[in-house]
Amino acid sequence: MKIELIISNDGSHTLYLPEMDETYHSRHGAVQEALHVFIKNGLIHKSRDRKNINILEIGWGTGLNSLLTYKSAKQLGLNVKYTGIEKYPVPLEVLEQLNYKDWNEDDYLEKVYRSEWEKFVPIFEGFDLRKIANDVRSLEFDQEFDLVYFDAFGPRAQCEMWEKDVFDIIFSSMRSGGVFVTYCAKGQVRRDLQESGLIIERLPGPPGKREMLRGIKP
Ligand SMILES: C[S@@+](CC[C@H](N)C(=O)[O-])C[C@H]1O[C@@H](n2cnc3c(N)ncnc32)[C@H](O)[C@@H]1O
């Protein structure tokens, strides 16, 4: 599939898939969106009651969310085990063109872009990463997650990622008290997440988006 690099409004790159007419991040700001949705309303929120955090990301993509998680976890003194699921890994030569080096720390990107897939790799002390190249639907999880970043392509581009059977798989992989965050706030998505068992709240979205969703597993 053809893949193009574009600059979002905060100066950070995102990837664009012309065939799907879809970007990997918000055009209003890739880093800005990730910091708001996943770091502020996910990681920082969860860190108030837990210092050892097991994270699941659906749609690891460029690894941007994992980089920003590493930086915040270091600042907050958290221990993180991070599992990123990615059905279509982005080729290394594309990853290396992204300007995320401007946000890089401790050579994080250099380490993770070349790290082995399918197993936990200790990237730094207190930060283990496991990249899994698979379809979220085929996974049987061997961990209980405290925090889920649901970062699939939007429902218009890939509606099958937003179906209730996917949410049921994710719900069953979460620990009680676990937190789920996504940038999407569509009514049907919210109702399906609630049907799966999550208690959902609507939060202000990042610039360019009115709302986002956060759920908790009772
Ligand atoms: C919105 S992008 C993710 C952006 C990513 N979090 C980042 O920071 O770059 C959605 C990702 O979901 C992946 N994806 C698509 N279908 C999938 C599936 N069935 N299972 C797992 N990942 C999938 C895509 O390849 C893409 O990388």
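Everything discussed here concerns the structure shown above.
Residue positions are given per chain, counted from 1 along the sequence in the order it is written. Reporting of local features is limited, given that this is a predicted model, to residues whose pLDDT is at least 70; pairs of side-chain atoms are given and counted only at 80 or more, and all residues count toward the totals for whole chains, interfaces and linings. Water and hydrogen atoms were dropped before computing side-chain values, which therefore reflect all heavy atoms in the structure.

1. A closer look at the overall build of the chain
A tally of helices and strands in the chain yields 6 helices and 11 strands. Two things to know: the radius of gyration comes from C-alpha atoms, and the globule rule equals 2.2 Å times the number of residues to the power 0.38. Compactness check: the chain gives a C-alpha radius of gyration of 16 Å against a globular reference of 17 Å for 218 residues, within 12% of the reference. Seen through its C-alpha atoms, the chain measures out along the principal axes to roughly 40 × 40 × 30 Å. Under the scheme applied here, a residue whose accessible area is under 20% of the maximum for its type counts as buried, over 50% as exposed, and between as partly exposed, the area being computed with a 1.4 Å probe on protein chains only. Counting over 218 residues, the chain shows a buried share of 56%. For the chain, the centre of its 29 positive side-chain charges and the centre of its 34 negative side-chain charges are spaced 5 Å apart. We count a stretch as a helix when DSSP gives it H or I for four or more residues in a row; a strand needs E for two or more, and each element gets its number in order from the N terminus. Asp and Glu count as negative and Lys and Arg as positive, but His and the ends of the chain are not part of the count. In this description, the location of a charge corresponds to atom NZ of lysine, CZ of arginine, CG of aspartate or CD of glutamate.

2. Regarding the site of the ligand
The cutoff for a nearby residue is simple: one of its non-hydrogen atoms must lie within 4 Å of the molecule or strand. In the vicinity of the ligand there are 22 residues, among which Glu57, Gly59, Thr62, Glu86 and Asp151 approach most closely. Under the rule applied, a polar contact is a pair of N or O atoms within 3.5 Å (in protein, one hydrogen donor and one hydrogen acceptor; residues adjacent in sequence only if both atoms are side-chain atoms). Glutamate 57 places a polar side-chain atom, nitrogen or oxygen, 2.8 Å from a nitrogen atom of the ligand. Measuring from a nitrogen atom of the ligand, one finds a side-chain N or O atom of aspartate 151 at 2.7 Å. Reported accessibility uses the Shrake-Rupley method at a 1.4 Å probe radius. Residues are deemed covered only where the shown protein chains occlude them. When the ligand is considered free in solution it has 610 Å² of accessible area, and contact with the protein chains removes 98% of it. A cavity here means a set of 1 Å grid points, computed over protein atoms only, where a 1.4 Å probe fits but cannot escape. A pocket is an open set with protein on both sides within 12 Å along at least 5 of 7 lines, and lining residues have an atom within 4 Å of a point. Placement in a cavity or pocket follows one criterion, namely that more than half of the molecule's atoms lie within 2 Å of its grid points. The site holding the ligand turns out to be the largest pocket. Just so you know the grouping, Ala, Val, Leu, Ile, Met, Phe, Trp, Tyr, Cys and Pro go in nonpolar, Asp, Glu, Lys and Arg go in charged, and all remaining residues, Gly too, go in polar. Considering only residue class, the shell around the ligand consists of 9 nonpolar, 8 polar and 5 charged.

3. A short note on the pattern of salt bridges
What counts as a salt bridge is simple: a side-chain nitrogen of Lys or Arg found within 4 Å of a carboxyl oxygen of Asp or Glu. Counted under the stated rule, the structure contains 16 salt bridges. Where glutamate 22 meets arginine 156, a salt bridge forms, and the shortest distance between an N and an O atom there is 2.9 Å. Of the two residues, glutamate 22 is situated in strand E3 (residues 22–23) and arginine 156 in the loop between strand E8 (145–150) and helix H5 (164–173); the sequence distance between them amounts to 134 residues. Exposure remark for glutamate 22: the relative accessible area of 13% places this residue in the buried category. For arginine 156, a relative accessible area of 60% puts it in the exposed group. A single salt-bridge network, built from bridges that share partners, covers Arg50, Glu144, Asp146 and Arg175.

4. Focus: H5
Looking only at H5, the buried set comprises Val166, Phe167, Ile170, Phe171 and Ser173. The buried residues of H5 occupy an angular sector of 160 degrees when projected down its axis, which confines them to one face. Any two residues whose heavy atoms approach within 4.5 Å at even a single point are treated as in contact. The secondary structure elements touched by the buried residues of H5 are strand E4 (52–58), E8, strand E9 (174–182) and helix H6 (187–196). By construction, the arc corresponds to the directions joining the helix axis to the C-beta atoms.

5. Brief notes about the layout of surface pockets
Grid points are joined across faces, edges and corners, and a volume is the space filled by probe spheres set on the points. Estimates place the volume of the largest pocket at around 1,100 Å³. Around the largest pocket sit 48 residues that line it, and Glu22, Thr23, Ala152, Phe153 and Gly154 are the ones nearest its centre. At the level of secondary structure, the elements contributing two or more residues to the lining of the largest pocket comprise E3, E4 and helix H2 (64–76). Of the residues belonging to the lining of the largest pocket, the class tally is 21 nonpolar, 13 polar and 14 charged.

6. Topic: the nonpolar core
Among buried residues, the Ala, Val, Leu, Ile, Met, Phe, Trp, Tyr and Cys ones that are joined through side-chain atoms within 4.5 Å form a nonpolar core. If you look at the biggest cluster of nonpolar residues, it comprises 69 residues, and the most contacted ones within it are Tyr108, Tyr149, Phe150 and Trp162. Tallying contributions element by element places helix H1 (residues 30–46) first for this core, with 7 residues. Beyond its immediate chain neighbours, meaning those up to four positions away, tyrosine 149 contacts Phe38, Ile39, Leu43, Ile55, Leu56, Glu57, Ile58, Asn65, Thr69, Tyr82 and Val181.

7. Quick notes on the environment of threonine 14
With respect to the helices and strands, threonine 14 occurs in strand E2 (residues 13–17). The buried category is assigned to threonine 14, whose relative accessible area is 0%. Taking the C-alpha atoms as reference points, threonine 14 and asparagine 99, 85 residues apart in sequence, are found 9.1 Å from one another. Residues in contact with threonine 14, not counting those within four places in the same chain, are Glu4, Leu5, Ile6, Thr23, Tyr24, His25, Ala30 and Tyr100. Reaching out from threonine 14, the side chain makes a polar contact with the side chain of histidine 25 at a distance of 2.7 Å.

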